[in-house]
Amino acid sequence: MELDKVSKRLSELAVNKPNRYSVEEVDSALESKHEGIQVCAAKTLGAWGDEKSIEKLKNRLEKISKLPARWGAVSAMSKSLAPHLKQNDIDWVLSLYLNSSNPHNRFSLSVLLMSLPKIETLRKLELKLDQGGVDPKDVRNAKAIIQKSAI
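**Observations regarding the layout of surface pockets**
Put simply, the largest pocket is a space of about 200 Å³. What lines the largest pocket is simply Gly49, Asp50, Glu51, Ile54, Glu55, Lys58, His84, Lys86, Asn88 and Asp89. Among the residues forming the lining of the largest pocket, the class breakdown is one nonpolar, three polar and six charged.

**Regarding the pattern of salt bridges**
Throughout the structure, instances matching the rule amount to 10 salt bridges. For the salt bridge of Glu2 with Lys5, the shortest nitrogen-to-oxygen distance reads 3.5 Å. The exposure class assigned to Lys5 is exposed, which follows from its relative accessible area of 54%. Where Glu35 meets Arg70, a salt bridge forms, and the shortest distance between an N and an O atom there is 2.8 Å. Here Arg70 lies in the loop between helix 4 (51-65) and helix 5 (71-81) and Glu35 lies in helix 3 (residues 35-48), a separation of 35 residues in the sequence. Since its relative accessible area comes to 29%, Glu35 is described here as partly exposed.

Cut-offs applied
- Residues numbered from 1 in each chain as written.
- Predicted model: local features only at pLDDT ≥ 70, side-chain atom pairs only at ≥ 80, totals over all residues.
- Heavy atoms only, no water.
- 1 Å grid on protein atoms, 1.4 Å probe; cavity = no way out; pocket = protein on both sides within 12 Å on 5 of 7 lines; lining within 4 Å.
- Points joined across faces, edges and corners; volume = space filled by probe spheres on them.
- Nonpolar A, V, L, I, M, F, W, Y, C, P; charged D, E, K, R; others polar.
- Salt bridge = Lys/Arg side-chain N within 4 Å of Asp/Glu carboxyl O.
- Buried < 20%, exposed > 50% of the residue type's maximum accessible area, 1.4 Å probe, protein only.
- Helix = DSSP H or I, 4+ residues; strand = E, 2+ residues; numbered from the N terminus.

Right, here's the structure in full:
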């Protein structure tokens with residue numbers, strides 16, 4: 001497999017609406033052993049932006065963010081996902097950032113925090129802190145990231 005051809009093909013798929021064949025191709029690329037191909041597939045899903053694509057992107061991001069030292073892939077996937085997040089994604093993002101992800105990848109998830117509605121996200125962070133089960137240092141870091149965001 002020539003990786004540059006696969007990545008170019010995935011970029012080409014991103015400019016068209018998904019169809020059965022392109023979806024199968026991207027799904028296969030998401031499972032590639034090559035992280036760069038996974039990232040290209042994730043970018044295609046973000047470009048498509050439909051509900052199914054965004055759900056797949058979230059699932060891949062959840063998986064890869066748990067692994068050690070994957071900050072490059074986590075960052076690229078987060079940037080592809082961020083424009084599609086809505087207020088109802090706040091709990092998912094906070095859970096990913098505070099609980100599910102490998103601590104070494106958390107900085108790469110910060111673009112997700114910055115893309116959420118600021119006031120509601122800060123309110124939910126306070127609730128998470130009050131409920132316990134999260135590291136207060138991680139909550140402070142998340143708050144600092146959100147407070148610097150423009151949204």
